[in-house]
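# Survey of secondary and tertiary structure
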Amino acid sequence: MKRIYCSVLVAVALCSCQQLSQKAGEVETRSAKDIVIENMMNRRSIRSYKPEQIKDEELNEIIRCAINAPSAINKQSWEVRVVQKTEIFQAVSERLYGAPTVIVVASDQNNPYSPVDCGLLGQNILLSAEAMNIGTCVIASVVPFLNSPEGKDVVAQLNLPEGYAPLFTIAVGYKNEQPEAKPRIAEKVQIIK
Ligand SMILES: Cc1cc2nc3c(=O)[nH]c(=O)nc-3n(C[C@H](O)[C@H](O)[C@H](O)COP(=O)(O)O)c2cc1C
């Protein structure tokens, strides 16, 4: 009886996962595994965005996934600022590809694992956005500006606690391009048995 109950639960969970990416009237034939892997493999850095802002429900879902990332001793050693008042970043707007939303991820300068925690949180942002067909691009090239004396006024508006500094930003918005995948170096992985 217990086994039947568990099987039904698993089947219901799989069906609801499959429905997530289904368009109206389309029958989803991919397995839950295929959906997750395709999402990961289809994500690309997007460098051209539509001006339309993403919906608040989509942003909330992205943030919910972001903070569900693992972190060393669950310290959640990140600070996240979602900036939709993009004039804040006027000085570096070209580098942010005109994205209507910019997420700043700041790390704890006194926690050696913070860059790892922040990176994992960042990947959850990229993949949850991709699952909703929302484009993203990690942009670190603005960080030297943010952490320089010239960027001080910009960072002041982010209301970061003492000891935190921007580590990277993520441009977020509806995609205005479909770039090809860049090559990967499979030889960098060795399986030692
Ligand atoms: C830490 C980090 C910093 C990055 N900084 C920038 C950047 O400043 N500008 C940019 O256009 N892309 C940036 N990228 C995106 C990479 O160029 C991109 O992920 C890589 O070329 C692979 O392409 P893909 O994301 O489409 O698979 C950054 C990515 C990472 C992980």
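As a reminder, the structure under discussion sits directly above these lines.
So, how was this worked out
Residues numbered from 1 in each chain as written. Predicted model: local features only at pLDDT ≥ 70, side-chain atom pairs only at ≥ 80, totals over all residues. Heavy atoms only, no water. Helix = DSSP H or I, 4+ residues; strand = E, 2+ residues; numbered from the N terminus. Patch = residues over 30% accessible without salt bridge, like charges linked within 9 Å, V, L, I, M, F, W, Y side chains within 5 Å. Areas by Shrake-Rupley, 256 points an atom, 1.4 Å probe, with all protein chains shown as cover. Salt bridge = Lys/Arg side-chain N within 4 Å of Asp/Glu carboxyl O. Buried < 20%, exposed > 50% of the residue type's maximum accessible area, 1.4 Å probe, protein only. Contact = heavy atoms within 4.5 Å. Near = heavy atom within 4 Å. Polar contact = N/O pair within 3.5 Å; in protein donor to acceptor, adjacent residues only side chain to side chain. Nonpolar A, V, L, I, M, F, W, Y, C, P; charged D, E, K, R; others polar. Arc of directions from axis to C-beta. Core = buried A, V, L, I, M, F, W, Y, C linked by side-chain atoms within 4.5 Å.

### Details of unusual backbone geometry
Phi at Asn74 is positive, roughly 50°, even though this residue is not glycine. Along the chain, Asn74 falls in the loop between α3 (56-66) and β1 (78-83). Of note, Tyr97 is a non-glycine position whose phi angle comes to about 55°, a positive value.

### Here we look at a nonpolar patch on the surface
A cluster of nonpolar side chains, contributed by Val36, Ile37, Met40 and Met41, occupies part of the molecular surface with about 390 Å² of accessible area. You can see Ile37 is positioned in helix α2 (residues 32-42). According to the relative accessible area criterion, Ile37 is partly exposed, its value standing at 43%.

### Looking at the environment of Val80
One can find Val80 in strand β1. Classification of Val80 as partly exposed rests on a relative accessible area of 22%. Remark: the alpha-carbon pair of Val80 and Cys118, spanning 38 residues in sequence, is separated by 9.2 Å. Val80 has contacts with Ile103, Val104 and Leu121, leaving out every residue within four places of it along the chain.

### Considerations on the side chain of Ser107
Among the structural elements, Ser107 can be located in strand β2 (residues 101-108). On the accessibility criterion, Ser107 (5% relative accessible area) is buried. With residues near it in sequence (within four places) discarded, Ser107 still touches Ser77, Ser114, Cys118, Gly163, Tyr164, Ala165 and Leu167.

### Side note on the site of the ligand
Near the ligand the following residues occur: Arg43, Arg44, Ser45, Arg47, Tyr97, Cys137, Val138, Ile139, Ala140, Ser141, Lys182 and Arg184. The contact in question runs from an oxygen atom of the ligand to an N or O atom on the side chain of Arg44, over 3.1 Å. Arg184 has a polar side-chain atom sitting 2.9 Å from an oxygen atom of the ligand. Burial of the ligand by the surrounding chains reaches 64%, relative to a free accessible area of 620 Å². Across the shell around the ligand, the residue classes tally to five nonpolar, two polar and five charged.

### Side note on α2
Each α-helix winds once per 3.6 residues, and so residues spaced three or four apart point in a common direction. Those residues of α2 that sit buried are Ala32, Ile35 and Asn39. The buried residues of α2 occupy an angular sector of 60° when the element is viewed end-on, so they sit on one face. Projecting away from the buried face of α2 at angles above 90 degrees are the exposed residues Lys33 and Met41.

### So, the environment of Val155
Along the chain, Val155 falls in helix α6 (residues 152-156). Exposure remark for Val155: the relative accessible area of 18% places this residue in the buried category. Separated by 66 residues in sequence, Val155 and Phe89 place their C-alpha atoms 9.7 Å apart.

### What to know about the nonpolar core
Within the largest apolar cluster, 20 residues are counted, with the highest numbers of intra-cluster contacts made by Phe89 and Leu96. Secondary-structure elements contributing two or more residues to this core are β2, β3 (134-139) and α6. If near-sequence neighbours (up to four positions away) are discounted, Leu96 is found in contact with Phe89, Val102, Ile139, Val142, Thr169 and Ala171. With 18 residues, the next largest nonpolar core counts Ile54, Leu59, Ala69 and Val172 among its residues.

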